[in-house]
Amino acid sequence: MIRPIRPPGALTGDVDSVSGSAEQAPGPTAEAAAARRAVGAARAAAPRSAQPPDPAARGAGPPPLPESLLDVLRVGIVMIDAHGRIVLWSPTTTEILGWPDSLVIGRHLSDFFPEGHDPGGVAIYRALLRRGFWRGILPLRHMEGVTVELEGRATLLRDPDRTPFILANLVETSRIRAIEQDLAALDSLFATSPLGIALFDTDLRYLRINDALSRLSGVHPDDVAGKTVLDVLPDHMAREIYEIQRQVLRTGRSVIDLVMPSPDRTGARSLSFGRLTDRGGRTLGVGCTVIDITERREALEKIEHARQRLSLLDDVGLALADLLDVRRISEVLAQVLVPRFADYSGVMLLDEVISGGELPSRQRLAATTLRQTGVAAKQFTPAVERMLRSGQDVEFGTESIFRRVLLSGFPYLVGSERELRETTYRDDPKVQAAIELGIHSLMVLPLRARGTVLGLLVISRSGRRAPFNGEDLALAGEVAARASVSLDNARLYARERESAVMLQRSLLPQRVPAPPGVQVGYRYVPAATGAEAGGDWFDVIPLGDGRVAFVIGDVIGHGLNAAATMGRLRTAVRTLAGMGLPPAALLRHLNELGDDLAPAPDELLMATCIYAIYDPAERSCVLANAGHLPPLLLTRGPHTGLWRARAVHLPEGMPLGLEDARFEERRIDVPDGAILVLYTDGLIERRGADITDGLEQMRTVLGRTTGDVPPLEELCDRVLSALAPGGGDPAPQPAGTTRGRAAAMPAPAPPEQGAEDDIALLAARLGGLPGQTSASWSFPARNASAYRARSLVRRTLRDWGLEQLTEPAVLVVSELVTNAVRHARGPVGVRLVRGARLLVEVSDSLPDPPQARDAAPDDEGGRGLALVARTAQRWGTRREPHGKTIWLELPLPPAA
């Protein structure tokens, strides 16, 4: 017989009072056996985690299951028999309350109630008897004395013998409340989040989507449940998203911020995918968040557009910053815009801008034409060649758009074919080519600086490229403004440089003479940096006694002051050279004039110089150096036939302008046909390099000379091409050859050659006097020597066909030899040289020059120098190492 469940004996006053108590419970009876059977049934019904482990199964069988939500909740299992005694106490219950089952089994559950709580558990039993189950909060005492609040679920069950028992599940309220709060938060986030959220199962079917995603996608949650993205999204994005979901589901690697267009292609979305797993690591599906980034994308595009605009302006500024040539600026400006900003671009300038002249007035501007100086295209075709061709003149009508922009100074945006035909003139082939190229948008912008229009910048787009808009017009206007400043600076630079170079050229020798026995080649290259003139110079000075002086120098610094100082130095050198001074004496006198030659009253003269005198009759050269680079002598081996360049080491002298400077000279014998090379430091000096390396390189270049008589102009060009920065573009050839006559000074090489400093180069081939053009004799200091000298001079002039000069030549030779014999003790020398004039020289051992004096009518002497002065075209004296020489020149008769 099955007994109904009754409260324990401690409870009184119930309808079916039960006598006895737990202490009076019957022993092992049939009821106990029924309880054991109920325990077995309860264990079978209990969750797997609540069952105690089987010791025999330890170390064998499948691995333990992963942690689940039940492990987090810790569900305790308690079973109570019909008498209210505990017959099952799970290990999880022990974890919760601390009581081991050995201290619990057989006791009433009410023994663990805190004081004052439902004595005997009457309310619980009544609910079970009335409804068969109970749920509520059940406080129980922990073994350590504290009260643990549990949420319980109790059910009245019966075993196969119909014996009733109670099965209760107990969970800590703190844990279940925490999980409930987490679930509530997730539900709230899912429902109220502005982000679109979608959950997919392991088959990638929609489980649920929130309202935000429903609004973004325009679909109802019920319409997508059970479907995949292949069924819901457009084809252009569904397949990609589906493959990404599969990858995330398979690998577990999340995909963050995948940017895709919106389903209607009007906006942009940012998608992120992650795999969903439970606490045990079991895959549940895929989660997806969707963010509408249309506004952010538009903002980023605006920022990127602004960055590109600034980058273009910056690149234009950098490309044009160091350019000072109008044509080069035009080319670079056109190229930097294509294809980055446009498909075609062209720069058209006034001729005055190109040449560096004065800009025309507004009245003249209306009738002027432009010249194409810079072009660029995404691809050059015959049609492009017709439209854009560098160097062509661009003409346009009086009512054309080009004319309006040129006169008004305001840009114009062409947006139709009709306007395109109005840009220049009717039936213009260039416009027809533009139409053939599909140009649909074109901007005409004025290039203006300081209120003056310099030309036009024309840029265009074709094909499917978006037409220009107002922002593009503003950007192009800024580009044109920056380019205009560079163009105007280049125009002014060209004008100032031309003025500076013109001044410098006027201070250099305009024609370089070539006296007998000497051939000259030369080059002058202005510095490529800056418009300032330099202080480098050279000169070739024929001396009155048949000798020739070579000068090269460098005034320290640049600018008009340096150029003016160079001019004064050149004039002073020429003046002192006319006095017949030896090189060392000339440099000493030049240095003494330093204060007068200085650039300014408060500045010192600082210059270097080499002065050399070559005597073709003796084939000797005397040189002195004032702080300049050593000259090079290029000679040909008599046996090998190879040319070799060596430095002529001179006594080191201080630069001009220093007090107490001393200068020494050196005399060298020169082989016939040797080439003396003089140069300035701009040819061999480089920033950051040793100047000796440049000198050695120059010696190497000169050593490659070939031929018996190498042309000096080619020699100079070869040296410049090898040594000058940007070499390879030789300076212009002089207007005439230097052999046998004077040559015009060549124009300086253009600045594009890249020289950092001015370069002056002078090469002189040194030879002897041609045959039958000179004669010389030496006579003892006796009276008969005058007669002998007259006879030899008369016969020599007859042999040369200069009988008309016999009388004046014999007269002056007789007078000078007679004076030498009378006053000197050593031998007397006489020399005749036939060149452009007849040179007559008389040498003696007296170092002091003769003194001219006024002779009285009755004086027997004192008229020798006066006679020389009246007879000769010019005359002079010069000191020699062992005396002096008086020389004079007689003009040749026209027939000679």
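Please refer to the structure placed before this passage.
The structure reproduced in this document is the subject of the present report. All residue numbers refer to positions counted from 1 along the written sequence of the respective chain. Reporting in this predicted model follows two pLDDT cut-offs: at least 70 for local features of residues, and 80 or more for side-chain atom pairs to be given and counted; totals over whole chains, interfaces and linings ignore these cut-offs and use all residues. The basis for the side-chain values is all heavy atoms of the structure; hydrogens and waters are excluded.

Some details on the overall build of the protein chain
Elements are defined by DSSP. Helices are runs of H or I of four residues or more, strands are runs of E of two residues or more, and each kind is numbered from the N terminus. Helix and strand counts for the protein chain come out as 26 helices and 33 strands. Partly exposed describes any residue whose relative accessible area lies between the buried limit of under 20% and the exposed limit of over 50%, with all areas from a 1.4 Å probe on protein chains only and scaled to the type maximum. The buried share of the protein chain, reckoned over its 896 residues, is 47%. Pairs of residues are marked as contacts when any of their non-hydrogen atoms sit within 4.5 Å. The contacts of the protein chain with a sequence gap of at least 6 include a subset with a gap of at least 24, amounting to 63%. The accessible surface values rely on the Shrake-Rupley method and a 1.4 Å probe; as for residues, cover is taken only from the protein chains in view. Carbon and sulfur atoms make up 51% of the accessible area of the protein chain, which totals about 44,900 Å².

Considerations on the packing of aromatic side chains
Only centres within 6.5 Å qualify two rings of Phe, Tyr or Trp (six-membered ring in Trp) as a pair; their planes then separate them into stacked at under 30 degrees, edge-to-face at over 60, and tilted for everything else. By the definition in use, this model includes six aromatic pairs. Measuring from ring centre to ring centre gives 4.5 Å for Phe200 and Tyr206, while their planes differ by 45°; the resulting arrangement is tilted. Across the pair, exposure class does not vary: Phe200 and Tyr206 are buried alike. When the ring of Phe396 is compared with that of Phe402, the centres are 5.9 Å apart and the planes differ by 75°; the resulting orientation is edge-to-face. There is no split in this pair, since Phe396 and Phe402 are both buried. The ring of Phe133 carries the charged tip of Arg131 above its face, separated from the ring centre by 5.5 Å. Two limits define a charge over a ring: the Lys NZ or Arg CZ must be within 6 Å of the ring centre, and within 35 degrees of the ring normal. Lying across the ring of Phe190, Arg208 places its NZ or CZ 3.9 Å from the centre.

What about the packing of helix H24 (residues 784–799) against helix H25 (residues 806–823)?
Axis geometry follows a simple rule: fit a line to the C-alpha atoms, using only the stretch in contact for helices, then measure angles between N-to-C directions, giving values from 0 to 180 degrees. Put simply, H24 and H25 touch, their axes get as near as 9 Å, and they point 155° apart. Between H24 and H25, the crossing angle belongs to the class labelled roughly antiparallel. Here H24 and H25 pass one another in a crossing that is right-handed. Residues Ser785, Ala786, Ala789, Arg790, Val793, Arg794 and Leu797 of H24 pack against Thr806, Ala809, Val810, Val813, Ser814, Val817, Thr818 and Val821 of H25. Polar here means any residue other than Ala, Val, Leu, Ile, Met, Phe, Trp, Tyr, Cys and Pro, which are nonpolar, and Asp, Glu, Lys and Arg, which are charged; Gly is therefore polar. Tallied by class, residues from the contact of H24 with H25 come to nine nonpolar, four polar and two charged. Oblique is the label for every angle not falling under 35 degrees (roughly parallel), over 145 degrees (roughly antiparallel), or within 65 to 115 degrees (roughly perpendicular). Take the far helix as your reference; a near helix turned counterclockwise from it by less than a right angle gives a left-handed crossing, and one turned clockwise gives a right-handed crossing.

A short note on helix H19 (residues 560–577)
Under the 1.5 Å per step criterion, the end-to-end length of H19 is 25 Å for 18 residues, consistent within 8% with the ideal 26 Å. Within the sequence span of H19, burial applies to Ala562, Ala563, Thr565, Met566, Gly567, Leu569, Arg570, Ala572, Val573, Leu576 and Ala577. Expected helix span is computed as 1.5 Å times (number of residues minus one).

Overview of the pattern of salt bridges
Here, a salt bridge means any side-chain nitrogen of Lys or Arg that lies within 4 Å of a carboxyl oxygen of Asp or Glu. Following the criterion strictly, the structure yields 40 salt bridges and no others. For Asp81, the salt bridge goes to Arg85, with nearest N and O atoms at 3.5 Å. On the basis of relative accessible area, Arg85 is assigned to the buried category, the value being 17%. A salt bridge links Asp203 to Arg205, with the nearest nitrogen and oxygen atoms 3.1 Å apart. A residue is classified by how much of its surface remains accessible, and Asp203, at 44% relative accessible area, is partly exposed. One continuous salt-bridge network, built from bridges that share partners, spans Glu151, Arg153, Arg177 and Glu180.

Focus: a positive patch on the surface
Excluding any residue in a salt bridge, patches collect residues exceeding 30% relative accessible area, merging like charges within 9 Å and nonpolar Val, Leu, Ile, Met, Phe, Trp and Tyr side chains within 5 Å. We treat Lys and Arg as the positive residues and Asp and Glu as the negative residues; His and chain ends play no part in the count. Working definition for charges: the position is that of NZ of Lys, CZ of Arg, CG of Asp or CD of Glu. Side chains of Arg788, Arg794, Arg795 and Arg798 sit close together on the surface and give a patch of like positive charge. Here Arg798 lies in helix H24. Take Arg798: its relative accessible area is 47%, and that puts it in the partly exposed class.

Observations regarding the sheet that holds strand S24 (residues 643–647)
The strand order across the open sheet formed by five strands is S18-S28-S26-S23-S24, and the pairing between neighbours is antiparallel. Every interior strand has two partners, whereas the edge strands, strand S18 (518–525) and S24, have only one. Neighbour to neighbour, the strand axes of the sheet diverge by 20° on average, direction disregarded. Two strands are counted as paired when DSSP detects at least two bridges linking them. The pairing of S18 with strand S28 (residues 759–766) spans eight bridges and is classified as antiparallel.

Points about a negative patch on the surface
Among the surface-exposed residues, Asp595, Asp596, Glu659 and Asp660 lie close enough to one another that they form a single negatively charged patch. If you trace the backbone, Asp596 turns up in helix H21 (residues 594–597).

Some remarks on helix H10 (residues 294–321)
Residues separated by three or four positions in an α-helix point in the same direction, a consequence of the helix having 3.6 residues per turn. Look at H10: 40 Å from first C-alpha to last across 28 residues, which is about the 40 Å you get at 1.5 Å a residue. For H10, the full list of buried residues reads Thr294, Leu312, Leu313, Val316 and Leu320.

A look at the nonpolar core
Buried Ala, Val, Leu, Ile, Met, Phe, Trp, Tyr and Cys residues form a nonpolar core when they are joined through side-chain atoms within 4.5 Å. Of all hydrophobic cores here, the largest spans 65 residues; its most connected members are Leu337, Phe341, Leu457 and Ile459. Not counting chain neighbours up to four residues away, the residues in contact with Leu337 comprise Leu312, Ala342, Leu457, Ile459 and Val479. The next biggest cluster of nonpolar side chains, apart from the first, holds 58 residues, and it includes Tyr524, Leu569, Ala612 and Phe663.

Regarding the side chain of Asp539
Following the sequence through the fold, Asp539 ends up in strand S19 (residues 534–542). Of note is the side chain of Asp539, whose polar atom sits 2.8 Å from the side chain of Arg574. Polar contact criterion, stated in full: a pair of N or O atoms within 3.5 Å, where within protein one must be able to donate a hydrogen and the other to accept it, and residues adjacent in sequence count only if both atoms are side-chain atoms.

A look at the sheet that holds strand S29 (residues 774–779)
Hydrogen bonds along the backbone pair up the strands of a sheet, which may run parallel or antiparallel. One open sheet holds the five strands; their spatial order is S29-S30-S31-S33-S32, and the pairing between them is antiparallel. The sheet terminates laterally at S29 and strand S32 (874–880), the two strands that pair on one side only. Between one strand and the next, the sheet's axes are offset by a mean angle of 15°, whatever the strand orientation. Where strand S31 (residues 837–844) lies against strand S33 (residues 883–891), eight bridges are found, and the strand directions are antiparallel. Within the sheet, the bridge partner assigned to Val842 lies in S33 and is Ile886. H24 contacts S29, strand S30 (828–834) and S31 of the sheet and is inclined by roughly 170° relative to S29.

Section: the packing of H19 against helix H20 (residues 583–592)
Helix packing geometry: the angle between the two helix axes and the distance between the axes. Where H19 meets H20, the closest approach of the two axes is 10 Å, and the angle between their N-to-C directions is 135°. In terms of orientation, H19 and H20 fall into the oblique class. As for the relative orientation of H19 and H20, their crossing is right-handed in sense. Between H19 and H20, the contacting residues are Leu569, Ala572, Val573, Leu576 and Ala577 on the first element and Leu586, His589 and Leu590 on the second. A class-by-class count of the residues in the contact of H19 with H20 yields seven nonpolar, one polar and no charged.

Focus: the environment of Arg831
Note on placement: Arg831 falls in strand S30. Here Arg831 falls in the buried class, since its relative accessible area comes to 12%. A sequence separation of 55 residues divides Arg831 from Ser776, and the C-alpha atoms of the two residues are 4.0 Å apart.

Quick notes on a nonpolar patch on the surface
There is a patch of nonpolar side chains on the surface, built from Leu183, Leu186 and Leu189 and spanning about 300 Å² of accessible area. With respect to the helices and strands, the residue Leu186 is situated in helix H5 (residues 173–192).

Observations regarding the pairing of strand S8 (residues 255–261)
Looking at chain direction, S8 and strand S9 (residues 268–277) are connected through five bridges and run antiparallel. Residue Val255 lies in a different strand from S9, and its bridge partner there is Phe273. Here S8 hands over to S9 after six residues, with Arg265 in that stretch at a positive phi of 65°.

Things to note about the environment of Val830
Its place among the elements puts Val830 in strand S30. Assessed through its relative accessible area of 2%, Val830 is described here as buried. C-alpha of Val830 to C-alpha of Ile886: the two residues are 56 residues apart in sequence and 9.8 Å apart in space.

Let's talk about the environment of His440
Within the secondary structure layout, His440 lies in strand S15 (residues 439–449). Within the structure, the side chain of His440 is placed 3.2 Å from the backbone oxygen of Gly463, a separation counted as a polar contact.

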